[in-house]
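Architecture and fold: a report
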Amino acid sequence: MIHFLIVLFGVTMLYVAATSRIEGYIRVLALQGVLLFLLVMTDWPHLQLLNLLFLAVETLGFKTVIIPWFLLRVVRRNGISRELEPYIPNFYSVVIASLIFAFGFFLAYWSLDFAADIKPLYFGVSVSTMMTGLLVITTRKMLVTHVAGFMMLENGIFLLSLAMAREMPLLVNLGVLLDIFMGIFLLGLFATKIKSTFAEDKIDALTDLRD
Amino acid sequence: MLIAILMLFPLVTGALLLALKSKTANVAAIYTYASLHLGITLALCVRPAALAPFFRVDDLNIVFLLILSVLYFGVSLYHGDFLRHSHLNRRWHTWYAICLLLFSFSMTGVILSTHLGLLWVFVEGTTLASAPFIYYEGNKAALEATWKYVFICSVGIALAFVGIILLSMSAGDRASLFLDDLYANAGSLSPFWLKLAFPFILVGFGTKAGLAPVHAWLPDAHAESPAPISAILSGTLLNTAMLGILRVYRIMDLAGQAAPARTLLLVMGFLSLFVCAVFVLHSRNYKRMLAYSSIEHMGLIAIGAGIGGAGMFAALVHLVAHSFGKAVCFLTAGNILSLYRTREVSGVRGLLRVDRLTGWLWIFGFLAVAAFPPFPTFLSEYLMAGAILASGKIWLLAIFLLLLTVILAGMSHTILRMVSGVPDPALQPQRTPVFNYIPQLLFLAILVILGLAMPDPILGLLERAAASLGGGR
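Model, not experiment: these values are computed from the prediction.

Looking only at helices and strands, one finds 19 helices and two strands in chain B. For chain B, the C-alpha radius of gyration of 21 Å lies close to 23 Å, the compact-globule estimate for 473 residues. Considering only C-alpha atoms, chain B reaches an extent of 70 × 55 × 45 Å along its principal axes. Residue pairs in contact within chain B that sit at least 24 positions apart in sequence constitute 81% of those at least 6 positions apart.

Let us now look at the overall build of chain A. Check the secondary structure of chain A and you find seven helices and zero strands. For chain A, the succession of helices and strands along the chain, N to C, is α-α-α-α-α-α-α. For chain A, with 211 residues in total, the buried portion stands at 43%. Within chain A, contacts between residues separated by at least 24 positions form 74% of all contacts whose residues are at least 6 apart in sequence.

Once that is clear, we can look at the interface of chain A and chain B. The parts lose accessible area when they come together, and the size of an interface is often stated as this lost area. In this complex, chain A contributes 34 residues to the contact, which on the side of chain B involves 29 residues. Among the elements of the structure, α5 (120–139), α6 (143–163) and α7 (168–197) of chain A are those that each provide at least two residues to the side of chain A that touches chain B. It is α7 of chain A that contributes the most residues to the side of chain A that touches chain B, 13 residues altogether. Counted by class, the side of chain A that touches chain B contains 22 nonpolar, five polar and seven charged residues.

Once that is clear, we can look at the packing of helix α2 (residues 22–43) of chain A against helix α3 (residues 49–78) of chain A. Residue and element names in this part refer to chain A. For the pair α2 and α3, interaxial distance at closest approach is 8 Å and the crossing angle is 175 degrees. The orientation of α2 with respect to α3, classified from their angle, is roughly antiparallel. Residues Ile 22, Glu 23, Ile 26, Leu 29, Ala 30, Gln 32, Gly 33, Val 34, Leu 36, Phe 37 and Val 40 of α2 pack against Leu 55, Ala 56, Thr 59, Leu 60, Lys 63, Thr 64, Ile 67, Pro 68, Leu 71, Leu 72 and Val 75 of α3. Tallied by class, the residues present in the contact of α2 with α3 amount to 16 nonpolar, four polar and two charged.

All names here are of chain A. Where helix α1 (residues 2–18) meets α5, the closest approach of the two axes is 10 Å, and the angle between their N-to-C directions is 15 degrees. Classified by the angle their axes make, α1 and α5 are roughly parallel. Here the hand of the crossing between α1 and α5 comes out left-handed. Along its contact with α1, which presents His 3, Ile 6, Phe 9, Gly 10, Met 13, Val 16 and Ala 17, the element α5 presents Leu 121, Tyr 122, Val 125, Ser 128, Thr 129, Thr 132, Leu 135 and Val 136. Its residues assigned to classes, the contact of α1 with α5 comprises 10 nonpolar, five polar and no charged.

Looking now at the confidence of the model for chain A. When the pLDDT values of chain A are averaged, the result is 79; 82% of them are 70 or greater. Here residues 196–201 of chain A scores under 50 on pLDDT; set against residues more than four positions off or in separate chains, the count is 13 contacts.

A few words on unusual backbone geometry. Residues and elements named next belong to chain B. Residue Pro 53 is bonded to the preceding Ala 52 through a cis peptide linkage, with omega at -10 degrees. Inspection of the secondary structure puts Pro 53 in the loop between β1 (50–51) and β2 (55–56). Cis geometry is found at the peptide bond from Ala 212 to Pro 213, where omega equals 5 degrees. Inspection of the secondary structure puts Pro 213 in the loop between α8 (191–209) and α9 (217–224). Phi is positive for Arg 341, close to 60 degrees, though the residue is something other than glycine. Locating Arg 341 in the fold gives a position in the loop between α13 (310–340) and α14 (351–354).

A separate point is the confidence of the model for chain B. Of the residues in chain B, 100% reach a pLDDT of 70 or more, and the chain-wide mean stands at 93. Predicted complex, confidence summary: ipTM 0.88, pTM 0.93.

The α-helix advances 3.6 residues per turn, and as a result positions three or four apart in sequence lie on the same side. Residue and element names in this part refer to chain A. Helix length check: α3 (30 residues) gives 41 Å between terminal C-alpha atoms against 44 Å at 1.5 Å per residue, within 8%. At Phe 62, α3 is deflected by roughly 40 degrees, the largest bend along its length. When α3 is considered as a whole, its buried residues turn out to be Leu 55, Glu 58, Thr 59, Lys 63, Thr 64, Ile 67, Pro 68, Leu 71, Val 74 and Val 75. After α3 finishes, the residue Gly 79 shows a positive phi value of roughly 60 degrees.

Among the nonpolar cores identified, the biggest contains 250 residues, and Val 63, Phe 161, Val 162 and Leu 316 of chain B are the most heavily contacted of them. Sequence-distant contacts of Leu 316 of chain B, that is, excluding residues within four places in its chain, are made with Val 63, Leu 462, Ala 465 and Ala 466 of chain B.

For the rest of this paragraph, the subject is the environment of Phe 105 of chain B. Residue and element names in this part refer to chain B. In this fold, Phe 105 is placed in helix α4 (residues 90–112). Judged by the 23 C-beta atoms lying within 10 Å of it, Phe 105 is buried. Separated by 204 residues in the primary sequence, Phe 105 and Gly 309 place their C-alpha atoms 32 Å from one another. Among all residues touching Phe 105, those that are not within four sequence positions of it are Met 7, Pro 10 and Leu 11.

Glancing now at the environment of Leu 44 of chain B. Residues and elements named next belong to chain B. Within the secondary structure layout, Leu 44 lies in helix α2 (residues 23–46). Assessed through the 21 C-beta atoms surrounding it within 10 Å, Leu 44 is described here as buried. Considering only alpha carbons, one finds Leu 44 and Leu 177, 133 residues apart in sequence, at a separation of 25 Å.

End to end, α5 of chain A covers 28 Å across 20 residues, agreeing with the expected 28 Å (1.5 Å per residue, within 8%). Of all the 20 residues making up α5 of chain A, 16 are buried; the element is thus mostly covered by neighbouring parts of the structure.

Cut-offs applied
Residues numbered from 1 in each chain as written. Chains lettered and ligands numbered in written order. Predicted model: local features only at pLDDT ≥ 70, side-chain atom pairs only at ≥ 80, totals over all residues. Helix = DSSP H or I, 4+ residues; strand = E, 2+ residues; numbered from the N terminus. Rg over C-alpha atoms; globule rule 2.2 N^0.38 Å. Contact = placed C-beta atoms within 7 Å. Buried ≥ 20, exposed ≤ 12 C-beta atoms within 10 Å, placed from the backbone. Nonpolar A, V, L, I, M, F, W, Y, C, P; charged D, E, K, R; others polar. Axes fitted to C-alpha atoms, helices over the stretch in contact; angles between N-to-C directions. Parallel < 35°, antiparallel > 145°, perpendicular 65-115°, else oblique. Left-handed = near helix turned anticlockwise from the far one by under 90°. pLDDT = per-residue confidence, 0-100. Expected span 1.5 Å × (residues − 1). Bend = angle between axes of the 7 residues up to and from the residue. Core = buried A, V, L, I, M, F, W, Y, C linked by C-beta atoms within 7 Å.

Put into structure tokens, the structure is as follows:
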């Protein structure tokens, strides 16, 4: 069951690399939130109730509902549906993402020699997810997509902190701050200003400052 | 107790300011916190204290705290007049003051943290608290700079977090994330995970410190934010991120993994010098030129730390010297901006005729960051060159000197063009208020004293800090 969930999580990232529909990215974010929730619930049944509640709010509330809903609103209001003209074609994105996954698993099984207490599947998928998130940020142009890519990076980090059992509660809770940080920042900057200043939420519109 | 005051005062005062919404109260709060911060820091220099278990003054962070206090105090003097003439309405004026309090609060937090996770949280806090300042002008360029700042630093901070998770894996059950614990048990950390963790933390905190190749936010943010904020960003914010790097470097050193860490520091350091050398040659915007110079100096500090030994001491001297020198430059750039109303180099001519003191401050500020004697940057770069030579890498020294010469040529060309010549006759400059000179004069006086005859207590402070990082003189 746990393995199935993690593999499903990895597949969503391959879908991200393949698609150019922005609503697709956002749906993937919501789906990943649910998957993370299920993972926490199935893999750590012995957690304290308070901590479990906190993680449920984080994964289901924040990652699954609030951020995707917010991004979806921005997308619908601005009438943008596709990522036009990414820096590299989608086909190559998929190829690179597949290579990233191969690398992730190579690293995970290689690292087994050095630390027996690591869960290789978690580790491999999380490393691949983080790298694919960075790939999305660097190869796409829309600001909304950048935020979505950052959230995927965060989900990968969440998965990584699940990969290690010992400092689990502390590190996971610290990682939640990243989400809150992103939330405040989105509300403060993205919603109020970017929309009114730029007709399109394109990173291309933000390239005046240069040398 | 002292540390508790230091940490609680800005939070309580911030809440009060929000309730009062009075411009006088805002300025008074900034002044009060600056004086309080300086007083407490001086007391902590004499008698180090701790707020167990999360905050403590030690041999290393006292240097950073002292720079922050003195610089923040000087910049507050500048802020008085700056805020009187700003275009902000009462609401935003209040938020400006609150963000300034929170900004220095979070930087103090980074400096005093004894726990790596807590340190990371405070670094995140500095981004949140300082982002509104970059949007100060409220136009499209300001928005772009703010967006880049927040987004690039967020990605950086996320990568640093990955590094901390990997470090925690390396510690396993043998150590918590408290720095003391990590230092004490460094020998038993798993080298594999440690070596994997360091690049993430270096790139993550390096983003915040403005090290190339992850410096992209820095020129925009420094150019767009108001002068006193640029001074704080360059003079103290970059330092605090550097402290995070140095803390983790020490773990690597104690764990016997110093070699890869040093190589990475050197690579990023030299890349930073290179980036600055490329862009400074034809800079059109004088605030961007100063920002690129900050990248250069952060690179120099990374190089000093990467060389190790005597280089570590040189890096710390350089840290102090750069903070005050760059603050002089950015504050004076604020004067120039209000005289000429442009950030373009081409719009500024005959600075010495328009405002003699500002012109001389601009020249001396430049000399202070360009490592001319009697300023301490000369001392530190000299020591650094000596340390590189002692490490036996003569080709590295050649590149080092070549890049520094190019940067010097580029900057001096721009500076001399600005101060000399005849000003545009249509220009109607207003008088610069006296408080827009005093902080720069204060900082220059500090620098000259440090450069000519470093007082023994300061020397001792820097030596102990270098020793705590495994370096010597």
